Amino acid sequence: MDFNMKKLASDAGIFFTRAVQFTEEKFGQAEKTELDAHFENLLARADSTKNWTEKILRQTEVLLQPNPSARVEEFLYEKLDRKVPSRVTNGELLAQYMAEAASELGPTTPYGKTLIKVAEAEKRLGAAERDFIHTASINFLTPLRNFLEGDWKTISKERRLLQNRRLDLDACKARLKKAKAAEAKATLWNDEVDKAEQELRVAQTEFDRQAEVTRLLLEGISSTHVNHLRCLHEFVESQTTYYAQCYRHMLDLQKQLGSSQGAIFPGTFVGTTEPVSPPLSSTSPTTAVATMPVGPSVAGLAPPGEAALRLEVTPPASGTRKARVLYDYEAADSSELALLADELITVYSLPGMDPDWLIGERGNKKGKVPVTYLELLS
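In this convention, every chain numbers its residues from 1, walking through the sequence in written order. Given that this is a predicted model, residues contribute local features only at a pLDDT of at least 70 and side-chain atom pairs are listed and counted only at 80 or more, while totals for whole chains, interfaces and linings are drawn from all residues. The basis for the side-chain values is all heavy atoms of the structure; hydrogens and waters are excluded.

The chain goes by Endophilin-B2 in an unreviewed UniProt entry, where it is assigned to Vulpes vulpes. Among the UniProt annotations of the chain, the heading Subunit (unreviewed entry) holds the following wording: "Homodimer, and heterodimer with SH3GLB1." UniProt positions are given in the numbering used here, feature names are shortened, and annotations may be inferred rather than shown by experiment. On record in UniProt, under Subcellular location (unreviewed entry), the comment for the chain is "Cytoplasm".

Caption draft 1: Layout of the environment of Leu64. Think of it this way: any DSSP run of H or I at least four residues long counts as a helix, any run of E at least two long counts as a strand, and we number them from the N terminus. Looking at where Leu64 falls in the secondary structure, it is placed in helix 2 (residues 37-64). Burial classes: relative accessible area under 20% of the type maximum marks a residue as buried, over 50% as exposed, and values in between as partly exposed (1.4 Å probe, protein chains only). Classification of Leu64 by relative accessible area gives buried; the value is 5%. Sequence separation between Leu64 and Ser137 is 73 residues; the distance between their C-alpha atoms is 8.5 Å.

Caption draft 2: Looking closely at the sheet that holds strand 7 (residues 374-376). A sheet is described by the order of its strands in space; here five strands give the open sequence 6-5-4-3-7, paired in antiparallel fashion. Edge strands, defined here as strands with exactly one partner in the open sheet, are strand 6 (365-370) and strand 7. The average undirected angle you get between the axes of adjacent strands in this sheet is 40 degrees. DSSP bridges decide pairing: two strands pair if at least two such bridges lie between them. Axis geometry follows a simple rule: fit a line to the C-alpha atoms, using only the stretch in contact for helices, then measure angles between N-to-C directions, giving values from 0 to 180 degrees.

Caption draft 3: Molecular detail of the nonpolar core. In this text, buried Ala, Val, Leu, Ile, Met, Phe, Trp, Tyr and Cys residues form a nonpolar core when linked through side-chain atoms within 4.5 Å. Within the largest apolar cluster, 34 residues are counted, with the highest numbers of intra-cluster contacts made by Phe39, Phe132, Phe140 and Leu218. The leading source of residues in this core is helix 5 (residues 110-184), at 16 residues. Here a residue-residue contact requires only that any non-hydrogen atoms of the pair lie within 4.5 Å. Not counting chain neighbours up to four residues away, the residues in contact with Phe132 comprise Leu64, Phe235, Ser238, Gln239 and Tyr242. Counting 12 residues, the second-largest nonpolar core is a separate cluster that includes Ile345, Val347, Leu358 and Leu376.

Caption draft 4: Broad picture of the side chain of Thr49. Along the chain, Thr49 turns up in helix 2. The buried category is assigned to Thr49, whose relative accessible area is 8%. Identification of polar contacts relies on pairs of N or O atoms within 3.5 Å, with a donor-acceptor requirement for protein atoms, meaning one able to donate a hydrogen and the other able to accept it, and with residues adjacent in sequence counted only if both atoms are side-chain atoms. A distance of 2.8 Å separates a polar side-chain atom of Thr49 from the backbone oxygen of Arg45. Apart from residues lying up to four places away in sequence, Thr49 is in contact with Phe147, Ile221 and His225.

As structure tokens, then:
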């Protein structure tokens, strides 16, 4: 019991001494041992790594789970060390609603059949999203969390110890300075100075040892960067795979809907149902008869501001049709043809075109025209 009381009193005395030293340093009334420039740079890099890792982690969590309530629920399950329950993705929920709507509204009607096709595609998109979230969580989020909850806590603990050792060292320096000043005035015995010098040597040794431990941990941040770099590559790979799957599923859906569009809307002429791919470096040879700018058929695949692709096109010998314009249409750019209601124009499709657009001709003018503004004639 007496030993515990003495230990508590000793700890309280050390804490008080550190508090006094810290306060006097803040007011400029005590000297402070400065760390070398390399050590300060290591500290700054560690702090920056921690701060940016937290921001990247939080924003990635938002990307993978936009619902804040769901994120809080997942956080609580993790803290309780319990398995997070499986959650239906938004795509899968949309697929469920569409399938139920088709069942109630008539699965054999054109609308019902299309709902079923879109529902199947949305279900596949939802499954792809689920796989991406799972992979990204394991390969990217988990290593970031492990750093913040493991390595960083260890570094923070050793830094606090180093701060305490530094305060002890500076307090010993201050006591030795006062002892020597008192000795000069012959108010202290020499053994008081010897005691202060011994305490200073012990404090210096403990400070140097703790500084070395902390330095080694801080230098380990370089290994953390290498590990996070590898995880970042894996995150990009999983994200690339996810978007490639989504693109493929939507192309398949577009092909299915395009092949059935003529049967559903007899007045609609669709020249091709081939899926549209992103612009590639190679182009198909064409016969030069007329030159017109043709933009990418899938919006967003070409960078904004990129020059329109110049294609030499020849109207197909067969496949041209007459069409009556239903409404006035103002061309958005030079690749489109302005239309006036009730006029007759010649239309045809080109391989790879968006099925919602055709090439329209009126006299010596050519351009893209929207299918929904036309009534195609036999």
